[in-house]
Amino acid sequence: MNRLTRRLTATVALPTLLVLLWWWASARSTSFYLPPLRRILATFPEVWTGERITTDVLPSLARLGIGYLLAAVLGIGAGVMIGQYRLVRGITEPALEFFRAIPPPVLVPVLMLFFGIGDQMKVIVIAAGAVWPILLNTVEGVRAVDPVMVDTARSYHIGRWSRLRRLTLPAAGPQIFAGLRQAVSIAIILMVISEMFAATEGLGFAIIQFQRTFAIPEMWSGTILLGLLGFSLAMLFRLAEHRVLFWYHGMRAAARDQ
Amino acid sequence: MTSVARRATVGARIGFPPWAQNVTGVALLLGLFEAVPQTGLVPAAYLPPLHRVVAALAEEVARPLFWFSLYETLRGWAIGLVIAATAAIAVGILIGTTPFLRTATHSTIEFLRPIPSVALIPLAVLLFGTDLRSKLLLIVYASFWQVLIQVLYGVQDLDPVARDTARSYRFSRWGLVRHVIWPTALPYVMTGLRLASAVALVLAVTSELIIGAPGLGQQIALAQSGGATATLYAYVVVTGLVGIAINTLARWTERRALAWHPSVRGEVAP
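Calculation rules
Starting afresh in each chain, residues are numbered from 1 along the sequence in its written order. Working convention: letters from A go to chains and numbers from 1 go to ligands, in the order in which they are written. Only residues with pLDDT of at least 70 get local features here, since the model is predicted, and only at 80 or more are side-chain atom pairs given and counted; chain-wide, interface and lining totals rely on the full set of residues. Secondary structure counts use DSSP, requiring at least four H or I residues in a row for a helix and at least two E residues in a row for a strand, with both numbered from the N terminus. Each radius of gyration is computed over the set of C-alpha atoms, and the globule rule expresses the reference value as 2.2 Å times the number of residues to the power 0.38. A residue is called partly exposed when the number of other C-beta atoms within 10 Å of its own lies between 12 and 20, exposed at 12 or fewer, and buried at 20 or more, with C-beta atoms placed from the backbone. By the criterion used throughout, residues are in contact when their C-beta atoms, derived from the backbone, lie within 7 Å. Under the definition applied here, buried Ala, Val, Leu, Ile, Met, Phe, Trp, Tyr and Cys residues are grouped into a nonpolar core through C-beta atoms within 7 Å. Expected helix span is computed as 1.5 Å times (number of residues minus one). Only the stretch in contact is used when a helix axis is fitted, and all axes are lines through C-alpha atoms; the angle between N-to-C directions ranges over 0 to 180 degrees. For classification purposes, an angle smaller than 35 degrees is called roughly parallel, one larger than 145 roughly antiparallel, one from 65 to 115 roughly perpendicular, and anything else oblique. Each helix crossing is assigned a hand: it is left-handed if the near helix lies turned anticlockwise from the far helix by less than a right angle, otherwise right-handed if that turn is clockwise. Amino acids outside the nonpolar list (Ala, Val, Leu, Ile, Met, Phe, Trp, Tyr, Cys, Pro) and the charged list (Asp, Glu, Lys, Arg) are all regarded as polar, and Gly is one of them. Per-residue confidence from the predictor is given as pLDDT, running between 0 and 100.

A. Summary view of the overall build of chain A. A count of helices and strands for chain A gives eleven helices and zero strands. Computed over the C-alpha atoms, the radius of gyration of chain A is 23 Å, more than 25% above the 18 Å expected from 2.2 N^0.38 for a compact globule of 258 residues. Structurally, chain A occupies a C-alpha span of about 75 × 60 × 30 Å along its principal axes. Residues counted as buried form 37% of the 258 residues belonging to chain A. In chain A, 73% of the contacts between residues at least 6 apart in sequence involve partners at least 24 apart.

B. Summary view of the overall build of chain B. When helices and strands are counted, chain B shows twelve helices and zero strands. Traced from its N-terminal end to its C-terminal end, chain B shows the element sequence α-α-α-α-α-α-α-α-α-α-α-α. Against the globule reference of 18 Å for 270 residues, chain B gives a C-alpha radius of gyration of 24 Å, more extended than a compact globule. Its C-alpha atoms put chain B at 75 × 65 × 30 Å along the principal axes. Looking at chain B as a whole, 37% of its 270 residues qualify as buried. When contacts within chain B are restricted to residue pairs at least 6 apart in sequence, long-range pairs at least 24 apart make up 71% of them.

C. Summary view of the nonpolar core. Ile 126, Ala 130 and Ala 187 of chain A together with Ile 139, Val 147 and Val 151 of chain B are the most contacted members of the largest nonpolar core, which has 119 residues in total. If one sorts the elements of this core by residue count, helix H9 (residues 173–210) of chain B sits on top with 16 residues. The residues contacting Ile 126 of chain A, other than those within four sequence positions of it, are Arg 63, Leu 64, Gly 67, Tyr 68, Ala 187, Leu 190 and Met 191 of chain A.

D. The arrangement of helix H1 (residues 2–27) of chain A in detail. Under the 1.5 Å per step criterion, the end-to-end length of H1 of chain A is 36 Å for 26 residues, consistent within 8% with the ideal 38 Å. With zero of its 26 residues buried, H1 of chain A lies for the most part at the surface.

E. Main features of the interface of chain B and chain A. Contact with chain B, which involves 48 residues of that partner, is made by 49 residues of chain A. Of all the secondary structure elements, the ones that give two or more residues to the side of chain B that touches chain A are helix H1 (3–13), helix H2 (18–38), helix H5 (99–112), helix H6 (121–128), H9, helix H10 (216–225) and helix H11 (229–257) of chain B.

F. How the structure looks around H2 of chain B. Spanning 21 residues, H2 of chain B covers 30 Å between terminal C-alpha atoms, matching the ideal 30 Å at 1.5 Å per step. Among the residues trailing H2 of chain B, Gly 40 of chain B stands out with phi positive, at a value near 85 degrees.

G. How the structure looks around the packing of helix H7 (residues 132–156) of chain B against H9 of chain B. All names here are of chain B. In contact at an axis separation of 7 Å, H7 and H9 are set at 155 degrees when each is read in the N-to-C sense. The pairing of H7 with H9 is recorded here as roughly antiparallel in orientation. The interaxial crossing formed by H7 with H9 has right-handed handedness. The residue inventory of the contact of H7 with H9, partitioned by class, reads 19 nonpolar, ten polar and one charged.

H. Focus on the environment of Val 61 of chain B. All names here are of chain B. Note on placement: Val 61 falls in helix H3 (residues 50–61). Owing to 12 C-beta atoms within 10 Å, Val 61 belongs among the exposed residues under this scheme. For the pair formed by Val 61 and Ala 234, sequence separation is 173 residues and the distance between their alpha carbons is 9.9 Å.

I. Representation of the confidence of the model for chain B in the model. Residues and elements named next belong to chain B. Averaged over all residues, the pLDDT of chain B equals 85, while 91% of them reach at least 70. Per-element averaging of pLDDT across chain B places H1 at the bottom with 48 and helix H4 (residues 64–97) at the top with 93. Taken together, the stretch residues 1–11 has pLDDT below 50 and engages in eleven contacts with residues farther than four places along the chain or on a different chain. Complex prediction metrics read pTM 0.86 and ipTM 0.83.

J. Molecular detail of the packing of helix H3 (residues 51–84) of chain A against helix H8 (residues 160–197) of chain A. Residues and elements named next belong to chain A. With their axes 9 Å apart at the nearest point, H3 and H8 run at an angle of 145 degrees to one another. With respect to the hand of their crossing, H3 and H8 are arranged in right-handed fashion. Here H3 contributes Ser 60, Arg 63, Leu 64, Gly 67, Tyr 68, Ala 71, Ala 72, Gly 75, Ile 76 and Val 80 to the contact with H8, which in turn contributes Leu 164, Thr 168, Ile 176, Gly 179, Leu 180, Ala 183, Ala 187, Ile 188, Met 191 and Glu 195. Class assignment for the residues of the contact of H3 with H8 results in 13 nonpolar, five polar and two charged.

K. Broad picture of unusual backbone geometry. Residue and element names in this part refer to chain A. Phi at His 157 is positive, roughly 55 degrees, even though this residue is not glycine. Turning to its location among the elements, His 157 is positioned in the loop between helix H7 (147–155) and H8. According to the C-beta neighbour criterion, His 157 is exposed, with 7 such atoms within 10 Å. With a phi angle near 55 degrees, Phe 214 is a residue other than glycine that sits in the positive phi range.

L. Main features of the environment of Val 242 of chain B. Relative to the elements of secondary structure, Val 242 of chain B occurs in helix H11. Separated by 168 residues in sequence, Val 242 of chain B and Leu 74 of chain B have C-alpha atoms that sit 8.9 Å apart.

M. Just the environment of Gln 146 of chain B, in detail. Residues and elements named next belong to chain B. Residue placement: Gln 146 occurs in helix H7. Residue Gln 146 is classed as buried on the basis of its C-beta count, with 23 C-beta atoms lying within 10 Å. For the pair Gln 146 and Val 189, spaced 43 residues apart in sequence, the C-alpha separation works out to 9.5 Å. With residues up to four places along the chain from it excluded, the contact list for Gln 146 reads Gly 192, Leu 195, Ala 196 and Val 199.

Have a look at this one:
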């Protein structure tokens, strides 16, 4: 019990202190751009509940979800293909290196040419930016599968599908998840940017609109909301990873204890 | 023996070594870039054929504005990366070597790290406008965490025997950091720097694209709003090439800095 309370204190102490410090330091702030935290928190519920949830927040999250899923499916699918065949890898390597090196936000104006500024463009921007870390990590993971295991599976005449499901994907799993984790933060960035650059609704649009109309407390509340969103998605991801890769974390813990 | 082994050697056997595969890949990519719009598969208004993009690029390269934009992007990238790396290494070693700070800051770091730095764009605009400081705020925030996390991992990796030996020889705290902790953490620091250098470029271009700070991103936004599609693609290609150059530089630095380290040395030794 004592240990638990001490751990809890360690977790909450500094964040609480920082928030209090912000509260105290900004309480008598007369600066237009740095309003008191009290005012920001007071505007928060009034800005982000009610109508804005259905017009701005949910559409943004839906685009984020669809784009990310699309990137995951494409990235893992193509990554398994490319990782398994050396010739495909050799030929696609320069293209992959190049597309990975392009900063993803640059895709927004390019894809606007093709798809206008609707939902389709934003989903494709998110997918097109988030796909690279997933794809490249899958290629590396599949490449690194123990060749003895591959040969063993082959000599036992284990079919293509069960080999993929029971050997390749689990063996490459930790690496694939590393890519999926990088892709989460890229996807959030692209969700916000695509809405800031060209949109009529969405989280990023709302926040940039507050800034342009000098609605400063509202703008700060949007920044806090984005922070909370990034944090919650990171937590959600960690939960999912621990569920899927429980065997891997168990193995690592066992290896450490030895 | 198995078909895997056979397939793996097939490329080399028919005289198709890896470099030739790469060359084929590049040729194929360039060929598609030219052919797809030419055949009308994708309208040339959206994807101009390669020769027009190359012509647009040649035109841009002749203008001083191109070099100025390139310089502005790289300047923001370099200053931001240096500030973020210096701060992250100092803070990381301080936190990593002090158990109390380590437990006290853990939750705060885990909370601040995933906050997307683009959330700071409105604030940056209000405080600094299109000034360089706007760009630096975004770059430093995003790259700082990449390096910090790796430094913390690296310090944690410290060999207890080495630490105890240093202690029994009465190393000063600075001596411990300089001769035991720093060499242990260096491979991690280098990984962090490599990741941060890519992130810093992304944020540099983003701030130019959205805020309008001078640089390659701003030129992309201008070409887009002016309907100069070929120029738009030319600048996108340039950002890709800058990205490749930065990746190559980061890997080269990593190998240089870790030339003494077993992980790099082992690759050279037979």
